[in-house]
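Architecture at a glance
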Amino acid sequence: MNSEPTTKLVASTDVLIVGAGIIGLAHAALAQQAGLSVTVIERDHRAVGASIRNFGHACITAQHGETYEMAQAGRKHWLDFAAKAGFWAIESGALVVATTETELQLLREFSTSRPEGQVMVLNAEEVRAKLGREHTEGLHGGAFLADDLRVDPRTTVGILAGWLHRQDDAAVHFNTTALGFGAGTERKARVETSRGAFEASHVFICVGHDVDQLFPSMAAEHRITRCALQMVSASAPESTTIVPAVLTATSMLRYDAFTHMPSAPALRAEVEAAHPDLLEIGANVMFTQRPDGTLLLGDSHSYDLTQAPFLTEATTGKLLQATAKVLDIDSFAIAERWQGIYASSEVAPVLVRDIAESITLVSVTSGIGMTISFGLAEANLTALTVPRSSATR
Ligand SMILES: Cc1cc2nc3c(=O)[nH]c(=O)nc-3n(C[C@H](O)[C@H](O)[C@H](O)COP(=O)(O)OP(=O)(O)OC[C@H]3O[C@@H](n4cnc5c(N)ncnc54)[C@H](O)[C@@H]3O)c2cc1C
C-alpha cells in the first residue's frame, strides 16, 4: 500500500495522460500541438512496455477498414513529430516476400485492390535486390508496400517523452502510478497517484495491456487478454542494409488487408500443409533493421490472461530457421532475446470507452499500436471539447 499522502494536488492541466507508451504519447503530442496544456504520468522510470519491444513498423498498407483510415491519418504525424522531436523515422515501405505462386497471386489481387503505386508487384530478382541476397533461389516474387514507415522502437518513445517534457505547456512525470480515478474541482477529472493527485479537463488512460489491473470488469467485457511474442535481435549478414520492413506468407495470414483477398483461403491451406510448425506457434515471420544495422526478428503469438515470463527455445528456433531461409543464410549471430506483450481482443482491434465524465480509456487490442497510434489519437482528440485553462504544473 502506498504510504505517501494522496491528497496533494501536483498539477492541473487541460489534458492528463496515463501511460508513456506510444498510445499515451501520441495523445499527448497531438494535444500539445493543438494548444492544450498536457501532463503525462508513467509508473516506470522510463517506458519499457510494448512500445519499445516491437519492430517499429508502421504497417499502414496492410490494414483494412477503420484501422486503415487511422493508419493513413497517422502517417503525416509520425513524420512531423520525428522532425520536431528528433527521433529516427524513415519512409521505408515494406517488402512482402512470396515463395509460392499462391502467395504471389494474393499479392497481385491486393495490388489491383489499391490505388496505383501503393502496392507494387515485384519479380524474384527485384525481391532479391531489396533483401541484399546473392541468389534468387526459393524466391517467387513479392510486393512493395510504398506507404509503410519505420521508426526505431528502442529510442522513439524515450525521445518523444523527453521532447514533450521540454515544451512549456507539457510535463512528463515518471515513477508515478495512477491508482484511482474520480471527480475533481471545477468539473475536472481527478487522478490519485503514488505521488499525489492530478486534475485535468480530460483524462486519457493509455495503459496498454494492463487495462485489467485498473478496470477488471471492463477488460473482461471486452475480452482483453495478453498476447505474448518472442523476439530476437541479431547482426545483419555481412553488414547488409535492408531498408523496408520484411513480411512473409505468415504475415499475409495475420493482417486484415491480405485476409480479405480471394486467394486468402488457398494461402491458409497451403501454409497449413507446408508449415504447420509455424502456425503452431502463431508465427508472423518478419523483420526490420534498426539504424545501427541490427535486425529485429520475430515473432510468435500466444494468448493468456497472465503470461509466463519464460521464452521457449524451440519457438525461437522455428522463427530463426524461417527467417534464415528468407535471407538465404545458415544462421544468425544472436544478440538479444526478449518477450513482448500487447493487449488482444477478438471483440475489436481498439477499445475506446468513457469510464466517467471526462475520463476515457484507450487501449489498442491488436498488435498494431505503432501503426495506428497517431491516427487513433487524432480521432479521440477531435471528439473532445476541452476548455483551455491556466495550467499549474
Ligand atoms: C513484440 C511486439 C511486436 C510488435 N510489432 C509491432 C509493429 O511492428 N507495428 C505495430 O504497429 N505494432 C506492433 N506491436 C504492437 C504495439 O507495440 C502496441 O500495440 C503498442 O506499443 C501499445 O502501446 P501502448 O502505449 O498502449 O502500450 P505500452 O507501450 O505497453 O505502454 C503502456 C504504458 O502504460 C504504463 N502504465 C500501466 N499502468 C499504469 C498506471 N497505473 N499508472 C501509470 N502508468 C501505467 C506502462 O508502464 C507502460 O509504459 C508489437 C508488439 C509487440 C509486443
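Residues numbered from 1 in each chain as written. Predicted model: local features only at pLDDT ≥ 70, side-chain atom pairs only at ≥ 80, totals over all residues. Heavy atoms only, no water.

Describing the overall build of the protein
Each helix and strand counted, the protein has 14 helices and 20 strands in total. A globule of 393 residues ought to have a C-alpha radius of gyration of about 21 Å, and the protein, at 22 Å, matches this closely. Across the protein, every contact between residues at least 6 apart in sequence was considered, and the portion connecting residues at least 24 apart equals 75%. For the protein, the computed accessible surface area is about 16500 Å², with 51% contributed by carbon and sulfur atoms. (Helix = DSSP H or I, 4+ residues; strand = E, 2+ residues; numbered from the N terminus. Rg over C-alpha atoms; globule rule 2.2 N^0.38 Å. Contact = heavy atoms within 4.5 Å. Areas by Shrake-Rupley, 256 points an atom, 1.4 Å probe, with all protein chains shown as cover.)

Side note on the layout of surface pockets
Space inside the second largest pocket adds up to approximately 440 Å³. Forming the boundary of the second largest pocket are 21 residues, of which T99, H275, A322, K325 and V326 lie nearest the centre. Looking at the lining of the second largest pocket, the element that brings in the most residues is helix α13 (residues 313-327), giving five residues. (1 Å grid on protein atoms, 1.4 Å probe; cavity = no way out; pocket = protein on both sides within 12 Å on 5 of 7 lines; lining within 4 Å. Points joined across faces, edges and corners; volume = space filled by probe spheres on them.)

With respect to the UniProt feature "domain: FAD dependent oxidoreductase" (unreviewed entry) in the protein
Residues annotated in UniProt with the feature "domain: FAD dependent oxidoreductase" (unreviewed entry) correspond here to residues 14-378. End C-alpha to end C-alpha, residues 14-378 measures 16 Å, and it is 35% helix and 28% strand. (UniProt positions renumbered as here; feature names shortened; annotations may be inferred.)

A word on the pairing of strand β2 (residues 38-41)
A two-sided burial pattern is seen for β2, the buried positions comprising V38 and V40 on one face and T39 and I41 on the other. Taken together, the four bridges between strand β1 (residues 9-18) and β2 define a ladder with parallel strand orientation. Each residue of the ladder has a partner; that of I17, found in β2, is V40. For the handedness criterion, the β-α-β arrangement of β1, helix α1 (residues 22-33) and β2 is classed as right-handed. (Buried < 20%, exposed > 50% of the residue type's maximum accessible area, 1.4 Å probe, protein only. Pairing = 2+ DSSP bridges. Right-handed = clockwise from strand over helix to strand, strands pointing away.)

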